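# A look at the structure
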Amino acid sequence: MKGKKISIDAYNAIYQFLAAIRQPDGTPLVDSKGRVTSHLSGLFYRTVNLLEEGVTPIYVFDGKPPEMKRGELERRRQVKEEAKLKYEKAKERGDVQSQRKYAAASAYLTDEMVRQSKELLKAMGVPHVQAPAEGEAEAAHIHIQGKSWAVGSQDYDSLLFGAERLIRNLTVTGRRKLPNKEVYVEIKPEILELSNMLRELGITREQLIDVALLVGTDYDPEGVRGFGPKRAYSLVKKYGSLEAAARAGELDLSDLGVDLRELRDAFLNPRVEDVEGELNLGEVDRESVLRLLVEEHDFNEERVASALSRMERAMSELKGSSKQSGLDKWF
DNA sequence: CGCACCGA
DNA sequence: TCGGTGCGG
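Keep in mind that this is a model prediction, so the values were computed, not measured.

Turning our attention to the protein's contact with DNA strand C. Taken together, 13 residues form the shell around DNA strand C, and within it P28, V30, T37, H297 and N300 come nearest. Taking all atoms of DNA strand C within 4 Å of the protein, the share assigned to sugar and phosphate is 39%. Measuring from a base nitrogen of DNA strand C, one finds a side-chain N or O atom of Q23 at 3.3 Å. Looking at the surface near DNA strand C residue by residue, the classes come out as five nonpolar, four polar and four charged.

Attention now moves to the environment of Y239. Residue position: Y239 is located in helix 10 (residues 229-239). Looking at Y239, the relative accessible area reads 24%, which means it is partly exposed. Between the C-alpha atoms of Y239 and K91, which are 148 residues apart in sequence, the distance is 52 Å. The contact partners of Y239, leaving out residues within four places of it in the chain, are A244, A245, A248 and E250. There is a polar contact of 2.7 Å between the side chain of Y239 and the side chain of E250.

This part is about the domain arrangement of chain A. Structurally, chain A comprises domain 1 (5-195) and domain 2 (203-268). Measuring from the centre of the C-alpha atoms in domain 1 to the corresponding centre in domain 2 gives 28 Å. Contacts between the two partners involve 13 residues from domain 1 and, on the opposite side, 12 residues from domain 2. When the two sides are added together, the surface that domain 1 and domain 2 hide from each other amounts to roughly 1,200 Å², 66% of it contributed by carbon and sulfur. For domain 1, the biggest contributors to the area lost against domain 2 are M68, L160 and F161; these three give 58% of the whole. The interface formed by domain 1 and domain 2 contains two salt bridges. For the salt bridge of K69 with D218, the shortest nitrogen-to-oxygen distance reads 3.5 Å. Connecting domain 1 to domain 2 are four residue pairs in polar contact (both at pLDDT 80 or more). Elements represented by at least two residues in the side of domain 1 that touches domain 2 include exactly helix 3 (70-92) and helix 7 (157-160). For the side of domain 1 that touches domain 2, the class distribution of residues is six nonpolar, one polar and six charged.

Attention now moves to helix 10. Inspection of helix 10 places A232, L235 and V236 among the buried residues, and these make up the whole buried set. When helix 10 is viewed along its axis, its buried side chains cluster within an angular range of 95° and face the same direction. Exposed residues lying more than 90 degrees from the buried face of helix 10 are K230 and K238. On its buried face, helix 10 sits against helix 9 (205-215) and helix 11 (242-247). G240 lies just past helix 10 and shows a positive phi near 90°.

On to the UniProt feature "binding site: Mg(2+) 1" (unreviewed entry) in chain A. The sites that UniProt annotates as "binding site: Mg(2+) 1" (unreviewed entry) are D9, D62, E134 and E136. Across 128 residues in sequence, these annotated residues keep their C-alpha atoms within 9.1 Å of one another, forming a single compact spot. Cross-referencing the annotated residues with the second largest pocket identifies D9, D62, E134 and E136 as lining it. With respect to the secondary-structure elements, E134 resides in the loop between strand 3 (128-130) and helix 6 (135-144). Excluding residues within four positions of it along the chain, E134 makes contact with D62, P66, K69 and Y219. For E136, the contacting residues outside a window of four places in its chain are D9, D62, S153, D155, D157, S158 and F161.

Within this model, the second largest pocket holds a volume of roughly 1,500 Å³. Along the wall of the second largest pocket there are 49 residues; nearest its centre are K69, R76, D155, D157 and D218. Among the elements of the structure, helix 1 (10-20), helix 3, helix 5 (111-124), helix 6, helix 7, helix 8 (194-201), helix 9 and helix 10 are those that each provide at least two residues to the lining of the second largest pocket. Ranked by residue count, the leading element in the lining of the second largest pocket is helix 3, at seven residues. A class-by-class count of the residues in the lining of the second largest pocket yields 28 nonpolar, seven polar and 14 charged. Counting only domains with at least three residues in the lining of the second largest pocket, you end up with domain 1 (5-195) and domain 2 (203-268).

Scoring rules and cut-offs
- Residues numbered from 1 in each chain as written.
- Chains lettered and ligands numbered in written order.
- Predicted model: local features only at pLDDT ≥ 70, side-chain atom pairs only at ≥ 80, totals over all residues.
- Heavy atoms only, no water.
- Near = heavy atom within 4 Å.
- Polar contact = N/O pair within 3.5 Å; in protein donor to acceptor, adjacent residues only side chain to side chain.
- Nonpolar A, V, L, I, M, F, W, Y, C, P; charged D, E, K, R; others polar.
- Helix = DSSP H or I, 4+ residues; strand = E, 2+ residues; numbered from the N terminus.
- Buried < 20%, exposed > 50% of the residue type's maximum accessible area, 1.4 Å probe, protein only.
- Contact = heavy atoms within 4.5 Å.
- Domains from an automatic or database assignment.
- Buried area = accessible area lost by both parts, 1.4 Å probe.
- Salt bridge = Lys/Arg side-chain N within 4 Å of Asp/Glu carboxyl O.
- Arc of directions from axis to C-beta.
- UniProt positions renumbered as here; feature names shortened; annotations may be inferred.
- 1 Å grid on protein atoms, 1.4 Å probe; cavity = no way out; pocket = protein on both sides within 12 Å on 5 of 7 lines; lining within 4 Å.
- Points joined across faces, edges and corners; volume = space filled by probe spheres on them.

Right under this line is the structure:
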């Protein structure tokens, strides 16, 4: 992926840092004032690594969530509250493993953390974009407009939003990951290409959206009871659309939690904005990065300085190369 | 999650 | 150079 730009769902990435960068008992990294810094550590070091590998990340931040997502966001809030209670209980009985698990599950990103993250990226000269609504949709839009080579996310939504190329597990270290236990597994980056997927499946993007709606999406998480990936795909493949399946008596559209037309529209016509010009690397503001990380949040100066040096070298090479221009469309 | 360090 | 470990903030 050298010389490529990847539009990354920032919330998705930062949230994962926040959940994962913790001590075995679930304590996150904090500065001397007790403020959480896990997200800054993850964002900083991973971004430096990506730049060193010649990948330019474009971080896309969420805006106002669509009204339809309200229920799901409320549900997630409740799950987090329960996780918080489970964390307290695990702490009482000194169950360190459960502590970590529930601390990760109850992690939440504050507005302050989002502001800090944007400030850090700005100081690093790394482009970021504010989405009007869903970050995932805007990241896909930037890609579709030819301003990034792919979308980077752990979620599959961008494919439904029409992104041609999705990168999952975008890390440099080829890092290990724990499913639930203390078992670490090798995780490799994964490239998914929409047109290849659709060709192999023999369906259109509209039909893939129908499959997703049966299985469940952020806007209607339950989907239709009884439908997982296999049955959903078979049904759509056989009848062509959810309406046709309903007419054949194989499906009751009122089993969807939300109106079908509205659900489809969320993926086919998401609220996105064009971005002006190219999304390129800017200048590294060494002073600001040091002030933010070292002075304000007690990062180790030598570590930050050495990462900054690696980054500056990488960025000058990247900006010098011609691969950076807007020609990196997928065609 | 990623860095630094260590021993093989 | 690689995998394991412990700490980072």
